[in-house]
Amino acid sequence: MNNQQREEYKLLIEGQLPWPQTKNLMSSYKDRDRFFKILEIYQDKVEWDEKILLPIGEHLFIVQKGNQCIVKCTCGHEFGDYRKNWKFQSVLLVRNKVEDLESIYPHSDVCDPSWMEIREFICPGCGTLLEIEACSPGYPITFDFCPDLEGFYREWLNHPL
């Protein structure tokens, strides 16, 4: 990967690539190894050595740790096996009071807390907000993404895990 392409992908990941270039990347043919180029850029951004296998959020990755695949935050906090919901290992802040919801939705009609709550999932290692759910009180915590990692690498990438 040349320096210009590396910089373009880096800006894309950071959400700073100008729209015409973003559109061009989205519309053009993809490099066969683009996925690995993107992983390389992510790997350069973190301070730990475990190999990133798949990004699953802005600050979350599935990584190879020994013979295990785990979820890890950019700060290095480990959430455990990727097949288990990482949210149960996070700090959970539930906003279910009118005052909380007014601070999120200023100058608008605030939803009724008996009908909706906001759940914020925070990394216990660095305090980064990792995800937000807006749902009915009592609704189970969702498990957004559990990939077939082995199948993805074997069948889509023709690359051993």
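Going by the structure above, here's the rest.
Below you will find a few notes about this structure. Note on numbering: residues in each chain are counted from 1, in written sequence order. pLDDT decides what is reported in this predicted model: residues at 70 or higher carry local features, side-chain atom pairs at 80 or more are listed and counted, and totals for whole chains, interfaces and linings draw on all residues regardless. With hydrogens and water set aside, each side-chain value is computed from the structure's full complement of heavy atoms.

## Observations concerning the overall build of the protein
We count it as follows: Where helices and strands are cited, they refer to DSSP runs of H or I of at least four residues and of E of at least two residues respectively, numbered from the N terminus. A 1.4 Å probe rolled over the protein chains alone gives each residue an accessible area, and that area as a share of the maximum for its type sets the label: buried under 20%, exposed over 50%, partly exposed in between. Two residues form a contact once any of their heavy atoms are found within 4.5 Å. Charge counting follows a simple rule: Lys and Arg are positive, Asp and Glu are negative, and His as well as the terminal groups are ignored. All charge positions are set by atom: Lys at NZ, Arg at CZ, Asp at CG, Glu at CD.
Regarding its fold elements, the protein presents five helices and seven strands. Seen in sequence order, the protein has helices and strands lined up from the N terminus as α-α-α-β-β-β-β-β-α-β-β-α. Each principal axis of the C-alpha atoms in the protein carries an extent, and together these give about 50 × 40 × 30 Å. Out of the 161 residues belonging to the protein, those deemed buried represent 32%. Within the protein, contacts between residues separated by at least 24 positions form 40% of all contacts whose residues are at least 6 apart in sequence. For the protein, the distance from the average site of its 18 positive side-chain charges to the average site of its 26 negative ones is 6 Å.

## Observations concerning the packing of aromatic side chains
To keep it simple, the criterion reads: Stacked, tilted and edge-to-face are the three classes assigned to paired rings of Phe, Tyr and Trp, where Trp is represented by its six-membered ring and a pair needs centres within 6.5 Å; plane angles under 30 degrees give stacked, over 60 edge-to-face, the rest tilted.
Per the counting criterion, the structure on display carries nine aromatic pairs. Between Phe36 and Tyr153 the ring centres are 6.4 Å apart and the planes differ by 65°, which places this aromatic pair in the edge-to-face class. Here Tyr153 lies in helix H5 (residues 149–156) and Phe36 lies in helix H3 (residues 34–45), a separation of 117 residues in the sequence. For Tyr153, a relative accessible area of 1% gives the class buried. Between Trp48 and Phe61, the aromatic rings sit 6.2 Å apart at their centres with planes inclined by 65°, giving edge-to-face as the arrangement. With Trp48 in the loop between H3 and strand S1 (51–55) and Phe61 in strand S2 (residues 60–65), this residue pair connects regions lying 13 residues apart in the sequence. Phe61 carries the same exposure label as Trp48, and that label is buried. By the ring-pair criterion, three or more aromatic residues cluster together here, those being Phe35, Phe36, Phe152 and Tyr153.

## A closer look at H3
The periodicity of an α-helix, 3.6 residues per turn, causes residues three or four positions apart to be oriented the same way. Counted only if it meets this: The span one expects for a helix is its residue count, reduced by one, times 1.5 Å.
Here H3 contains 12 residues, and its C-alpha end-to-end distance of 17 Å stays within 8% of the 16 Å for a straight helix at 1.5 Å per residue. Of the residues making up H3, those classed as buried are Arg34, Lys37, Ile38, Leu39, Ile41 and Tyr42. Structurally, H3 contributes buried residues whose contacts are with helix H1 (3–13), helix H2 (19–27), S1, S2 and H5.

## Concerning the environment of Lys30
What counts is decided by this rule: Polar contact criterion, stated in full: a pair of N or O atoms within 3.5 Å, where within protein one must be able to donate a hydrogen and the other to accept it, and residues adjacent in sequence count only if both atoms are side-chain atoms.
For Lys30, the position within the fold is in the loop between H2 and H3. Owing to a relative accessible area of 45%, Lys30 belongs among the partly exposed residues under this scheme. Residues Lys30 and Arg95, spaced 65 residues apart in sequence, show a C-alpha to C-alpha distance of 42 Å. From its side chain, Lys30 meets the backbone oxygen of Leu25 in a polar contact 3.3 Å long.

## Some details on the sheet that holds S2
Basically, it comes down to this: In this description, strands pair whenever DSSP reports at least two bridges between them. The axes used here are C-alpha line fits, helices contributing only the stretch in contact, and every angle between their N-to-C directions lies in the interval 0 to 180 degrees.
Strand order in this open sheet of four strands is S1-S2-S3-S4, and the pairing throughout is antiparallel. Unpaired on one side and paired on the other, S1 and strand S4 (78–81) mark the two borders of the sheet. Between one strand and the next, the sheet's axes are offset by a mean angle of 35°, whatever the strand orientation. Here six bridges tie S2 to strand S3 (residues 68–73), and the two strands are oriented antiparallel to one another. Residue pairing in the sheet places Gln64 in a bridge with Cys69 of S3. H3 contacts S1 and S2 of the sheet and is inclined by roughly 115° relative to S1. Running at roughly 95° to S1, H5 makes contact with S1, S2 and S3 of the sheet.

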